[in-house]
Amino acid sequence: MGRAAVTGTSRAAAPRTVQLCLSGDLTGCGQARAFTERALVGWGLDRCLDDALMVVSELTANAMLHARTCEPGDEGGTDVRLRLTRRRAHLVCAVTDRSDAVPVSPHTPDSFQEHGRGLFLVEALAQHWGWTRYTPAGKTVWAILPTEAPA
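Our subject in this report is the structure included herewith. (Residues numbered from 1 in each chain as written. Predicted model: local features only at pLDDT ≥ 70, side-chain atom pairs only at ≥ 80, totals over all residues. Heavy atoms only, no water.)

## Comments concerning the overall build of the protein chain
Working step 1: When helices and strands are tallied, the protein chain shows three helices and five strands.
Working step 2: Along the chain direction, N to C, the helices and strands of the protein chain fall in the order β-α-α-β-β-α-β-β.
Working step 3: When the 151 residues of the protein chain are sorted by exposure, 39% land in the buried category.
Working step 4: By sequence separation, contacts in the protein chain at least 24 residues apart represent 62% of the contacts at least 6 residues apart. (Helix = DSSP H or I, 4+ residues; strand = E, 2+ residues; numbered from the N terminus. Buried < 20%, exposed > 50% of the residue type's maximum accessible area, 1.4 Å probe, protein only. Contact = heavy atoms within 4.5 Å.)

Right under this line is the structure:
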């Protein structure tokens, strides 16, 4: 899997965008979390690490759960790509998959429901979130997190 930052480089020299391709198996969410932690620590964005880890976990889990391919003989599941982009005042977390399934807008979660809280949590933590559809197939679900402490 990819690395978020090269050891020994300065933060100014670190890339502004990093990405990781996941195979879509059960280890993908853990890989995404570890990758996100390396990237944010390398960028000096420790203050938004917890929120970013939660958002990346939810977006990746949704892609893994809802974007699996159903083609005969497709043993690899779905390809999911995580992209993190560092900007001056915010961090963009984006997860791309090959599914045309539209993300379900968050609603007030039922306290007894086991699933369905993911985008509700993303909406609570992000300044903005949304999704972009691609032709002929696929989409990116993204969330923008603040990187500066509130005034």
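## What to know about the environment of Thr17
Working step 1: Tracing the chain through its elements places Thr17 in strand E1 (residues 17-22).
Working step 2: Distance in space between the C-alpha atoms of Thr17 and Arg83 is 7.0 Å, their sequence separation being 66 residues.
Working step 3: Once residues lying within four places of it in the same chain are set aside, the contact partners of Thr17 are Trp43, Arg83, Leu84 and Thr85.
Working step 4: Engagement of the side chain of Thr17 in a polar contact is seen with the side chain of Thr85, the distance being 3.3 Å. (Polar contact = N/O pair within 3.5 Å; in protein donor to acceptor, adjacent residues only side chain to side chain.)

## Examining the pattern of salt bridges
Working step 1: If you walk through the whole model with that rule in mind, you get two salt bridges.
Working step 2: One salt bridge connects Asp79 with Arg98, and the closest N-O pair in it is separated by 3.9 Å. With Asp79 in the loop between helix H2 (49-66) and strand E2 (80-86) and Arg98 in the loop between strand E3 (90-97) and helix H3 (118-125), the pair connects residues that are 19 residues apart, well separated along the chain.
Working step 3: The class of Arg98 is partly exposed, set by a relative accessible area of 40%.
Working step 4: Here Lys139 and Asp97 are joined by a salt bridge, their closest N and O atoms 2.9 Å apart. Here Lys139 is found in strand E5 (residues 139-146), whereas its partner Asp97 is found in strand E3, with 42 residues between them in sequence. Asp97 matches Lys139 in its accessibility class, with the two residues each being buried. (Salt bridge = Lys/Arg side-chain N within 4 Å of Asp/Glu carboxyl O.)

These figures capture arrangement, not role.
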